[in-house]
Amino acid sequence: MNHSSKLFSDELNRRRFVSLAAKSFLGVSILPWASHTHLNGAGLGLNRPLNHAPKAKNVIYLYMSGGMTHLDTFDPKPGTETGGPTTAIKTNADGIQLAENLPLLANHAEKIAIVRGMTSTKGAHQQGNYFMHTSYAQRATIVHPSMGAWMTRLDGRFNPTLPGAVVVGGGSQHPLSGFLPTSHQPLAVGNPNEGLKNCRMLWGMTEEKFESGLNLSQKLDRKFTEKYNLDHVNAYSNMYEDAVRLMKSKDLKAFDLKEESESTRESYGEDNFGQGVLLARRLVERQVRFVEVQLGGWDTHQNNFSRVPERCAILDQALSALLNDLSKRGLLEETLVVLATEFGRTPNINVNEGRDHYPKAFSCMLAGGGIKGGQVWGATDLEGREVSEQRVEIPDFNATIAYALGLPLDEIIYSPTRRPFTLTDKGQPLTQLI
Amino acid sequence: MGMKPYFFLPIFLLPLAITFSDQLSSKAIRAEAVAIDQILKDAHKQHKVKVPEKIDDALLARRLYLKIAGRIPTHEEITSYLANRSESKKAQLVNELIGSSAYSSQMFNWWADLLRLKTRMRGGNQIGAGQLYVHWVKEQIDKNVPFDQMAFELITAEGYPWENGAVGYYLRDAGMPLDNMSNTTQVFLGTQMVCAQCHNHPFDRWTQMDYYQMASYTYGINSSRGGDLQSKIKKYFEKKHQGLSYKDKKKKLQSKESAALRRSIQEMLRPLRYGATHTGRKLTLPHDYQYDDGKPKSAVTASPIFDNELKTTSGDSKVHAYGKWMIDPENPRFTKVIANRMWTKVFGRGLVEPVDDWRDNTKASIPALLEHLEKLMVQVDYDLSEFQRILFQVTAFENSSPSFAPNVETPYYFEAPLLERMSAEQIWDSFVSLSIPDSDERKQHSEAINQRLDRFQEYQDTMYSLEEEKLVKLARKGSKASKEINNQMEDLQKQLREAQAADDREAISRLRRQYGQARNQQRTVFAKLVMGPDFEVRSLYGTGNSYKKNDRWKGFSSQIYRASELQTPANPGHFLQEFGQSDREVADNSNRDASVPQALTLLNGTFYGALFNKHSPLMKKLTQVKKPEAKIDVLFLSILNRKPTNEEIKACMDELSPNALLPIPVAQKIPNRIPKDKRKAYQKNIEKSLANAQFNQNREYFALAWSLFNTRQFSFIQ
C-alpha cells in the first residue's frame, strides 16, 4: 500500500472520529470538509445517537438483480405451503436458519446480519432497482447518484490513482453518478476477466515514444493552453495525468485476476460473478472504496425451485469465499459487505412453478464493517407474506450502510437544477445492527 | 413569411425572379445578420466590451463544419476552402452545409437530446417502437418541418407508431403521464415544474394545483391502444356465455384451456398494444393533497400556466387546443425558448442561462437581442435551418473566443462564440470521417424501416377487419400450435439448466440460441396465422437498427457509422457514452466533462486501428505524398484542419526518427531475366511489397498523428 495514501486515510479517519466524537459529547458538529458543500436546511441529525466510531471504510455491494426470492434464501418457511419444497438448514449461529440453498454461507452465519423485514412499494424491475440504488423514486426528470458516487462525493477517495467506485456487471440502467460531476463516476467493468479497458499502450508504442509523443502534444499546445487557461481545459490535463498514473500504477494490477492463485480463483467460483467478487476484494485492498458486483437471473417467474438453487450455488460460493477471505486477511472489520435486491417474490407459487414480484416483504443482508454478526433483524409472518416485526424501508437500509461508514446523512447536495438531495432521502439507519 | 420582394415584380420578369429570389434571399439573410450585428455592437459599447479580432480562415472553417456538419472538415474540404479566393466563401459554405446530409445527422443529435430519444425505449420496446420514433424524427428533419409544427404534432400525437411516429412522444413516458407534462414544459417552455408535482414549488411560483391543472390537458392520453379490439373480444365472449350459470361460467373461465386461449389472444394482439390513445380520463388531485384550494381526490379543472388565451374552436379537442396554445406566438415563452436554444447552439451559451429554467425574473444578458430573435423566429415561420443560416452570418461568430469562461451567474455579451470541447458526437463523427470515406452517406437501411412500417400497417388492417368469431378461432388454432413450441421451450430450459450445472459452455450457448429461435417461432405462429405463411414476422418484433451491406464501405468495420446512425444512446462503455453522450434519461443530459476513461481512450483506444488502417482516408492521403514536410502538412490539415507553422514543422521533424526521413522506395524496372509469362505476377508482387513498405514507413507518422489527437486543440473548438 502506498505509504502516503495510508497516512492520508489515517488522517481522514482521525478527523472523522474527532468530529463525530464532538457531535455526541458536545452536541456540536464539526465537519472539516463542509466548507465547499452546501450545509443548510434539514438540520444535522443531532437527535441521532452517534455513539459509535464508524469502522467500515469500504463497501462490497452484491446486487442480486431481478428480485431475489426471500423464501428460498434468507427467510425459509419449511413445512408451509408457501415455503414449497425448500427446507431450512441450521447455521453456526444459534437460532438462525438459512434455506438449504446456501450451505456454505451457513458456516459464516456468525458474521452476517439478515434483515428480514425489508419492504417497498416498487414492484417493477426498473423502478425497484433504481430505488434500491439511489433511495429515490425514479423520475423522468433527473437521475440521482448511486451510493458509490455519493460516497466519493461526501467522503473522497483514498487511493489517488484508482477510481473511487467500481461497478462490475451492471446494466446500462445503472444510475452511476447521476447528477454529480463525472469525477465521481463509478468505473463500469463489464467482464472481470478482461480487466480495465484501454490501459495498455497501442501496439508498437514504446514507453519512450509515449512520453516523447505526449511532450510533443504539450509543445504544440503551448500557445493554446497559455491563452485558454480555463477550468474545463485544464481538467483534461489533470485527467491525462491521472490516466498516465493509472497506466503506470502497480495498483492497476488489481484488475488482473491472473495474479491470484488457481485455488483462490476456484474458491470464488469460475463464473463472472465469482470472479467479480474476487476483483472486488482486490480493489478494496487497494483502497477502492465502493465496489458493486451484480448477479442476475433472479427473476424466477418460472421454475423457481430449479433456477434458484442454481443461482444460489453461484452466490453461496462467492459470498462465502469472500467472507472467509476478508476475515483471514483481517479486512472484515473495515469492509462492509452488503447483499441487496429490488424486491422479493410471492409466497404463492404460480402455475409455472415460479414466484412473481413481491415488494411487500423481502430480505437483504449485511456483514462486516462493524455490523454485529450472527443476528436476524425483523421477521415476516408464518407464510412470509407480511413483515411482522421491524419494517425496514429501502432508504432506511441504505442509511444503515451510510451510518456504518460514518457518512453524513443530513448533508444536502444540490443538483445542477438546484434541487436538494441527501444521501438516502429521509432514511433512518438501523443503529442496533452495529 | 419573411420579406419576399420578388412578389412585387411584374409577371414577365418571373423567370429572372426565380434566380433573383435566391440572391435576394441571401441578401435578406445578410440584412438580418447585420441587424443582429448592430444590436451586439450597441451592447458591446454599452458594457464596454473589448471585441476580439477575427480568427483565421482555417479555424473559422473548422468551427463552421463542426457546428453545421457535426464533424471536422475532411482534407479535401479544408484545402478547397483555404484555396477559395471568393469573398463570400463563408456564406457559400454555410449555405452548402445547411440542409446537407451532415447537417441532418447533427440536427438529429440535437433533437435526440431534447426528446430523450432511445432506440430501445420504455413504451413499446417489444415492437421496436423506439426505432420508429427515431425514424419519424429523422424524416421531419429531412423535410425541414418547422419547429412549431413539430412541437404541435408531438403534443397532439395519436395513433399507432407506424401510422404516426410522433406518438413516440407519449410512449417514451409510458405510464408516467404527470412526468410527461413536466418534460413538455421543460422542452418547449423552458420551464421547470417538476418539483410542483408533489408540493408547491420551493423556488418558483408554481403550486401543486398549477401542476395538476396543466397536466389535465394531456392526462387523458393513454400510451396503449387496441382497447377497442380487446372490448370487441370481451363482448363476444360475454354473448357466447350468456345463459350459462354463474358456476359454469366460472368453471369455463378458470379452465386451463381458457387460460391458454386468453394467452393466445393476447399474443395476437400484442403488436397492436402500443401507441397513443386520446381518452376522456380525468385527472384528480392526489390522495395526500395538503393545500386549502382543493380536496384530495377531487377532479381538476384544466388550466394553462400562462395568461395567453387558450382558444378552443369548435371541433378542437382539449389536446389540440392545448397544443395550439403551446405554440402560439403570443405564448410568453415558447418562441423565446427556442430562439435562445438556437443561439446557444451557435454561440455555445444562451442569452438566458440555463436554457430550460426560465423564471419570472429571468433576464437575458442582452434583452434587446432576445426580443429581436423572438420576432425573427416568428418571421422565419420557425424554420430552424433558416434561423441558423442567419445566425452563422453574424459577424461576432467569426471572432476569437475569449480566454475567460463566464459562469452561469455572470452575463456574457457575445463578442465571440465561447470555447467549448467538442461534444461526444462531434468527436466520434470526426474520427469516423477520418476512418471511412463518405461518412455522411453511410446510413441505416431506410428501406428496411419502411418495410417495417408497411408490415405493421398490414397487420393492423387485417386484425381490425377480422370478425370476432374468426379471431377466436385463429387464437384457438394458435394456442394448439404453440403448445408444441411451449413444450419445446420448457424442455430447452431444462436442458439449459443441466448444461449450466455441468458448466458445459458449448451446450449453454447452443441451447440459448435454440431457445431464442423457439421464442421467435412462437411469435411467428401467431403472426402467420393472421397474415398468412409468407408474412415477414421479424418486422413486427425487430428492435435493433437495420444495416445493409454496401460495397462502398466493403472491408470497413460495421461499427463505424456516424453517431446518428448507431443505436441511440450508445451502450455504456462505448466511446460516445464515455465522452458524455446523453443517456437520454433526462432532457439535455449530455456533458462535456473530462474523465480518466476519456484520456485512456485518446491515448490507447481501439479506434486507432481503424484510423491507421491503410484504407482509411487519413492513411490514403498520407501515403499519397512523399516528403516528410508534406506528410506533416497532411496530418495537420486532416486532424487540426490547418497548416502547420514553421515552428511546428520543426518540432515534428525533431520527433520523427531518422528512419522516417529516409527516401521512400520506388518501383524498379522489371529485370530482363524474368520470363514474359511471369512478368505480370512479378509486377503485382512488386507493387504489393512496395505498398507495404510505404505503409510501414508511414508508421512513424502514426505517432505524430497520435500526438495531434492528444492535443487540447483537437478536442476543443476554437
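Each value, and the rule that gives it
- Residues numbered from 1 in each chain as written.
- Chains lettered and ligands numbered in written order.
- Predicted model: local features only at pLDDT ≥ 70, side-chain atom pairs only at ≥ 80, totals over all residues.
- Heavy atoms only, no water.
- Helix = DSSP H or I, 4+ residues; strand = E, 2+ residues; numbered from the N terminus.
- Buried < 20%, exposed > 50% of the residue type's maximum accessible area, 1.4 Å probe, protein only.
- Contact = heavy atoms within 4.5 Å.
- Areas by Shrake-Rupley, 256 points an atom, 1.4 Å probe, with all protein chains shown as cover.
- Axes fitted to C-alpha atoms, helices over the stretch in contact; angles between N-to-C directions.
- Parallel < 35°, antiparallel > 145°, perpendicular 65-115°, else oblique.
- Left-handed = near helix turned anticlockwise from the far one by under 90°.
- Buried area = accessible area lost by both parts, 1.4 Å probe.
- Salt bridge = Lys/Arg side-chain N within 4 Å of Asp/Glu carboxyl O.
- Polar contact = N/O pair within 3.5 Å; in protein donor to acceptor, adjacent residues only side chain to side chain.
- Pairing = 2+ DSSP bridges.

This part covers the overall build of chain A. Check the secondary structure of chain A and you find 10 helices and 17 strands. A buried classification covers 60% of the 434 residues belonging to chain A. Contacts in chain A between residues at least 24 apart in sequence constitute 73% of all its contacts with a sequence separation of at least 6. Counting only carbon and sulfur atoms, one obtains 51% of the accessible surface of chain A, whose full area is about 17500 Å².

Here we come to the packing of helix H11 (residues 227–240) of chain B against helix H13 (residues 256–269) of chain B. Residues and elements named next belong to chain B. In contact at an axis separation of 11 Å, H11 and H13 are set at 155 degrees when each is read in the N-to-C sense. The orientation of H11 with respect to H13, classified from their angle, is roughly antiparallel. For the crossing formed where H11 meets H13, the hand is right-handed. Every residue of H13 that contacts H11 at Leu229, Gln230, Ile233 and Phe237 is listed here: Leu261, Ile265, Gln266 and Leu269.

Another point: the interface of chain A and chain B. Accessible area lost upon the coming together of the parts serves often as the stated size of an interface. Listed per partner, the contact involves 54 residues of chain A and 67 residues of chain B. Sorting the residues of chain A by area buried against chain B places Leu220, Tyr236 and Tyr240 of chain A first, and these three jointly supply 14% of that buried surface. Run the count over chain A and chain B and you get 1 salt bridge. Between Glu655 of chain B and Lys209 of chain A there is a salt bridge, with the nearest N and O atoms lying 3.9 Å from each other. At the junction of chain A and chain B, the tally comes to 16 residue pairs in polar contact (both at pLDDT 80 or more). For the side of chain A that touches chain B, the elements supplying multiple residues, two or more each, are helix H3 (125–134), helix H5 (207–227), helix H6 (231–248) and helix H9 (304–328) of chain A.

Moving on, we get to unusual backbone geometry. Residues and elements named next belong to chain B. Looking along the chain, the bond that leaves Glu353 and enters Pro354 is cis, with omega of -5 degrees. By the secondary structure assignment, Pro354 is in the loop between helix H15 (334–347) and helix H16 (367–379). The residue after Thr568, namely Pro569, is reached through a cis peptide bond having omega -15 degrees. The residue Pro569 is located in the loop between helix H22 (538–541) and helix H23 (575–578) in this model. Look at Asp438: it is not a glycine, yet its phi comes out positive at around 50 degrees.

Turning next to the environment of Trp110 of chain B. Residue and element names in this part refer to chain B. Relative to the helices and strands, Trp110 resides in helix H5 (residues 101–115). Once the C-alpha coordinates of Trp110 and Asp588 are considered, the two residues, 478 residues apart in sequence, prove to be 8.6 Å apart. Apart from residues lying up to four places away in sequence, Trp110 is in contact with Phe147, Ile338, Arg341, Met342, Lys345 and Leu384.

All names here are of chain A. Taken across its 8 residues, strand S4 (residues 112–119) has 8 buried, putting it largely inside the fold. Of the strand pairs in this sheet, S4 and strand S11 (residues 362–368) are connected by 5 bridges, and their pairing is antiparallel. When the sheet's bridge partners are listed, Val115 is paired in S11 with Cys364. Pairing of S4 with strand S12 (residues 375–377) involves 3 bridges; the strand directions are parallel. Note that in S12 the partner of Val115 across the bridge is Trp377. Relative to strand S15 (residues 392–393), S4 runs parallel, the two sharing 2 bridges. When the sheet's bridge partners are listed, Met118 is paired in S15 with Val392.

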